[in-house]
Amino acid sequence: MGMTLAALAVRHNCELRGDPDEVVDHVATLAAAGPRALAFLANPQYRSQLAGTRATAVVLASADAAGCPVACLVSANPYLSYAEMAHELHPPAPLRPGVAAGAWVAPDARVGAGSQIEPGAVLGAGVVLGERVHIGAGVVLGARCQVGDDSRLMARVAAYDGVRIGRRCLVHSGAVLGADGFGIARDSDGRWTKVPQLGGVVIGDDVEIGANTTIDRGAIEDTVIGDGVKLDNQIQIGHNVVIGAHTVMAACSGVAGSTHVGTRCIIGADVAVAGHITIADDTVIGGGARVARSIRQAGIYGGVVPADEVRRWRRNAVRFGQLDDMARRLQRLEQVARDTDGSEP
Amino acid sequence: MGMTLAALAVRHNCELRGDPDEVVDHVATLAAAGPRALAFLANPQYRSQLAGTRATAVVLASADAAGCPVACLVSANPYLSYAEMAHELHPPAPLRPGVAAGAWVAPDARVGAGSQIEPGAVLGAGVVLGERVHIGAGVVLGARCQVGDDSRLMARVAAYDGVRIGRRCLVHSGAVLGADGFGIARDSDGRWTKVPQLGGVVIGDDVEIGANTTIDRGAIEDTVIGDGVKLDNQIQIGHNVVIGAHTVMAACSGVAGSTHVGTRCIIGADVAVAGHITIADDTVIGGGARVARSIRQAGIYGGVVPADEVRRWRRNAVRFGQLDDMARRLQRLEQVARDTDGSEP
Amino acid sequence: MGMTLAALAVRHNCELRGDPDEVVDHVATLAAAGPRALAFLANPQYRSQLAGTRATAVVLASADAAGCPVACLVSANPYLSYAEMAHELHPPAPLRPGVAAGAWVAPDARVGAGSQIEPGAVLGAGVVLGERVHIGAGVVLGARCQVGDDSRLMARVAAYDGVRIGRRCLVHSGAVLGADGFGIARDSDGRWTKVPQLGGVVIGDDVEIGANTTIDRGAIEDTVIGDGVKLDNQIQIGHNVVIGAHTVMAACSGVAGSTHVGTRCIIGADVAVAGHITIADDTVIGGGARVARSIRQAGIYGGVVPADEVRRWRRNAVRFGQLDDMARRLQRLEQVARDTDGSEP
């Protein structure tokens, strides 16, 4: 199932520089590529590998074409073009429709045409699956869950009662959708009473949810994940959160309860977003940042102090605890300097 | 199954201002509430929504009563009163006692009266369940686990051999209880040997454990979670840790091995507590803090530098690496100023 | 199944001070030990418990032997010696070979001699298990996964298609191996297209992987975990990462995509390592550090500013946002001082 470079160029709107009849049948990295391999160059960090590549063709930007020793497919967005070509060269395995022995499907659950349910899956009362849905081994869907057409739930996803998942979604193993939000009320003795979590989780179309990510159900209304959102692994989304369409979050980040994240935001790994705040559309937040207040204006935000040799770090960290004192002493010295200079009253 | 405001007021010790015969049958937010809805106001951030609410009644503090356009139930602790009323208006679905087809229960396991075991659950040798225990789909209980009366383990909880869970607990999907603690010993070649993890996990009564939270078994003695503790999602509790009664921890926090956390502590999200230390009773730790040393005195502790516009952040972060140098230079200038002034020797 | 101190001393190359015929049959902590217990002292924090111990014998370093009130086994590496003795005193339960009812094994999967597969496990087409492999309840192995001799996968591990696990590995519950890496390409409308994740995951021999840890498959080539690596709970390993042999990482740490971590590194808890960088062999990184750039030279690196009383912390955190300004003002004062002094032009 190889493809000619001519076909790739036409289908993906790239300019071909090289022999249109050459054929590729798999993707590879620049460094490891061999015959019939398609490689790509998108991250400048790997530009030095271009000259030595043995790929049959490389997807790249026009600025890199001159340095390419083999055929190239010039794209205005090489990474996107590569992604699309890779889907064609490596299509997912077709579904094997049907309910496997060892899957437990409630009598009143509805399973759309072409769907595949693997062993150990458990579908509760009133579950509704669309067409061509893939339910992996050991997936648990609580009562009344809905999953749209062409969505795939990998092994061991758990969705609580009433979770709604859109079309063409991909949910990875270990994700938990719809567990109770963290709502607790304290009494005068310092003991905590659970606040019932009565809302749901609504996930749009074309959403990807990473392995072991957790998305809590709303306290009263729904937690909402917009269309096209991509969440990496081990992300935590609190109750009542709204994530706007086409926003992406890298691994190990979290959004606390009732926060609204805008559309088309890009949130790095290990970011913590406080509860009850708002993040503007198109905001970019660098990895490791702690977002404590609303971001009302789109922009790029950061928040990491990089690791350092440990003794030097410790010396500086001690000084952090003296910063306010240092600032006040600096002000006094400036005052002294001004008084001495006499230029200000 | 509606309830009159009169009944709610009496049962929950609130002062009713409004028609005692009005009926509510569900909860709603102030903004979205309609007929027969009970809303509440506890977080001042939502006070502006009170005037426009269409709820039938609102649970609130006396200071807010004057601004309420509908009936109100005045409480000294509105959030707690709301929680209790919400439990009454939205009781959990009753259990369907019995062992489902597709659940695997060891012959010598004991299952108390009224308990429900869902498909795909696996109960090992010698497991003992109390009465009215709910074991969700795909839950795995290792040999000799014990679960007390009225506890609920949601889908896909895993407990290793010998884990003991108290009464009225709620453990969410993906939680792993009793995996090995991280005990490893290094040899002179830099290779690591596993230290057997031989202790257990003991969880008190009325504990809630969030989705994908992990609680390791002790190395020799037990890891202990006290009565009434509430742990949010994706929390990591290391081996030999003791969490005191009625302490709560928000999502993504972690406590390293052998640390003792006191009773009634409140620990925010994304907090990291070092190993082998002690946290005093009634300590409050803000989200994102890194607790590196014992906290011997109750108080409020914090530790986040909020995200900032990224170029500004980077400029300041570079200066963090120069802090000790800045402090020394400041001291020298102060010395110069003192020498110049002549007021100190 | 007790053992004499003489036998332990000989087998583990320790110097025995005490009665060689005394017998121990279990391990215990210094503080809780009673008759027939073997305790150990490795962490100086627990030295004060030595004098009062009622253990039959204590494994310790020669410097501590004089203060030991009972028999002692003197070792150059007490923690390692204790680990080895504890394995002997508390061997794991033997396997019960066979495929349990309620496990689903593809017809063409190969299961080596002496292996045990528990209920609810699902083994896909072409899976190959070595000898004496333990597959816990609810484990899911995708098509063509390989697991080497004597490895143990605890309940509810999930491995995607084609994951390769070496010999003598231990993978804890909830771990997800081989989920898609976070590869997405953005189009000009701000929408994201998934980049197919076509590589695998290759895990060496003697690796331990903690509960709910996630290791993504490579984008094109493999994600590689070297021999002897020990990963604690809730760790996230991105696509294309290489972790060198005998490196250890404590809980809640993460390594972003395409980063190479060297051999014999020691990485603390809650460490975040950026993508596309390199960490030198034998590097030590303290808990909580954010590693933003390559570490080319082995050493000890740190990065935590410890929590503080919250008002004091906030005052200092505000000053952090003024640091660059403070540094510039400090420079101006120094210039003024130099001009005044006249000692520099």
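Residues numbered from 1 in each chain as written. Chains lettered and ligands numbered in written order. Predicted model: local features only at pLDDT ≥ 70, side-chain atom pairs only at ≥ 80, totals over all residues.

Chemist: Tell me about the relation of the copies chain A and chain C, and please be specific about residues and values.
Modeler: Mapping chain A onto chain C leaves a residual RMSD of 0.0 Å; the transformation is a rotation of 120 degrees accompanied by 0.0 Å of translation along its axis. Accordingly, the operation relating the two chain copies is best matched by a three-fold axis. Take the interface residues of chain A: only 17% of them recur as interface residues in chain C, which is what a contact between different surfaces looks like. (Least-squares fit on C-alpha atoms with pLDDT ≥ 70 in both. Contact = placed C-beta atoms within 7 Å.)

Chemist: Pulling in residues and values, what's your account of helix H4 (residues 310-320) of chain C?
Modeler: Along an α-helix, residues three or four positions apart point the same way, because every turn accommodates 3.6 residues. Of all the residues in H4(C), the buried ones are Trp313(C), Asn316(C), Ala317(C), Arg319(C) and Phe320(C). Each buried residue of H4(C) sits inside an arc of 155 degrees when the element is viewed along its axis, so together they form one side. Among the structural elements, helix H4 (310-320) and helix H5 (323-341) of chain A, strand E39 (300-302) and helix H4 (310-320) of chain B together with strand E40 (308-309) and helix H5 (323-341) of chain C are those in contact with the buried residues of H4(C). (Buried ≥ 20, exposed ≤ 12 C-beta atoms within 10 Å, placed from the backbone. Helix = DSSP H or I, 4+ residues; strand = E, 2+ residues; numbered from the N terminus. Arc of directions from axis to C-beta.)

Chemist: Explain the interface of chain B and chain C to me, and be specific about the residues and the numbers.
Modeler: Contact residues are listed per partner, giving 61 residues for chain B and 63 residues for chain C. Those elements giving two or more residues to the side of chain B that touches chain C turn out to be strand E21 (176-179), strand E22 (184-186), strand E23 (192-194), strand E26 (214-216), strand E38 (290-291), E39, H4 and helix H5 (323-341) of chain B. The leading source of residues in the side of chain B that touches chain C is H5(B), at five residues. A breakdown of the residues in the side of chain B that touches chain C according to their chemical character gives 29 nonpolar, 18 polar and 14 charged. Bridging between E39(B) and E40(C) involves two bridges; their strand directions are antiparallel. Bridging across to E40(C), Tyr301(B) finds its partner in Glu309(C). (Nonpolar A, V, L, I, M, F, W, Y, C, P; charged D, E, K, R; others polar. Pairing = 2+ DSSP bridges.)

Chemist: For the interface of chain A and chain C, give the residues involved together with the corresponding values.
Modeler: Across the boundary between the two partners, chain A contributes 63 residues, which contact 60 residues of chain C. Secondary structure elements with two or more residues in the side of chain A that touches chain C: helix H3 (78-89), strand E40 (308-309), H4 and H5 of chain A. When residues of the side of chain A that touches chain C are assigned to their parent elements, the largest contribution, seven residues, is made by H5(A). For the side of chain A that touches chain C, the residue count by class is 30 nonpolar, 20 polar and 13 charged.

Chemist: Would you mind going over the packing of H5(A) against H4(C) in detail, with residue names and values included?
Modeler: Look at H5(A) against H4(C): their axes get within 7 Å of each other, and the N-to-C directions meet at 60 degrees. The orientation of H5(A) relative to H4(C) falls into the category oblique. Across the interface between the two elements, Leu323(A), Asp324(A) and Ala327(A) of H5(A) pack against Arg315(C), Asn316(C), Arg319(C) and Phe320(C) of H4(C). When the residues that make up the contact of H5(A) with H4(C) are grouped by side-chain class, the tally is three nonpolar, one polar and three charged. (Axes fitted to C-alpha atoms, helices over the stretch in contact; angles between N-to-C directions. Parallel < 35°, antiparallel > 145°, perpendicular 65-115°, else oblique.)

Chemist: Lay out the sheet that holds strand E10 (residues 110-111) of chain B with the relevant residues and their values.
Modeler: In any sheet, the strands associate via hydrogen bonds between backbone groups, in a parallel or an antiparallel arrangement. Residue and element names in this part refer to chain B. A sheet is described by the order of its strands in space; here nine strands give the open sequence E10-E13-E16-E19-E24-E27-E30-E33-E36, paired in parallel fashion. Each edge of the open sheet is held by one strand with a lone partner, namely E10 and strand E36 (278-279). As judged from the three bridges shared by strand E24 (residues 201-203) and strand E27 (residues 223-225), these two strands associate in the parallel manner. By the bridge assignment for E27, Val202 is matched with Val224.

Chemist: Which residues make up the confidence of the model for chain A, and what are the values?
Modeler: Confidence along chain A averages 96 in pLDDT terms, with 99% of residues attaining 70 or more. In the predicted assembly, ipTM is 0.96 and pTM is 0.97. (pLDDT = per-residue confidence, 0-100.)

Chemist: So what's going on with the nonpolar core? Residues and values would help.
Modeler: Within the largest apolar cluster, 246 residues are counted, with the highest numbers of intra-cluster contacts made by Val291(A), Val291(B) and Val291(C). Excluding residues within four positions of it along the chain, Val291(C) makes contact with Ala307(A), Val271(C), Ala272(C), Val273(C), Ala274(C) and Ile285(C). (Core = buried A, V, L, I, M, F, W, Y, C linked by C-beta atoms within 7 Å.)

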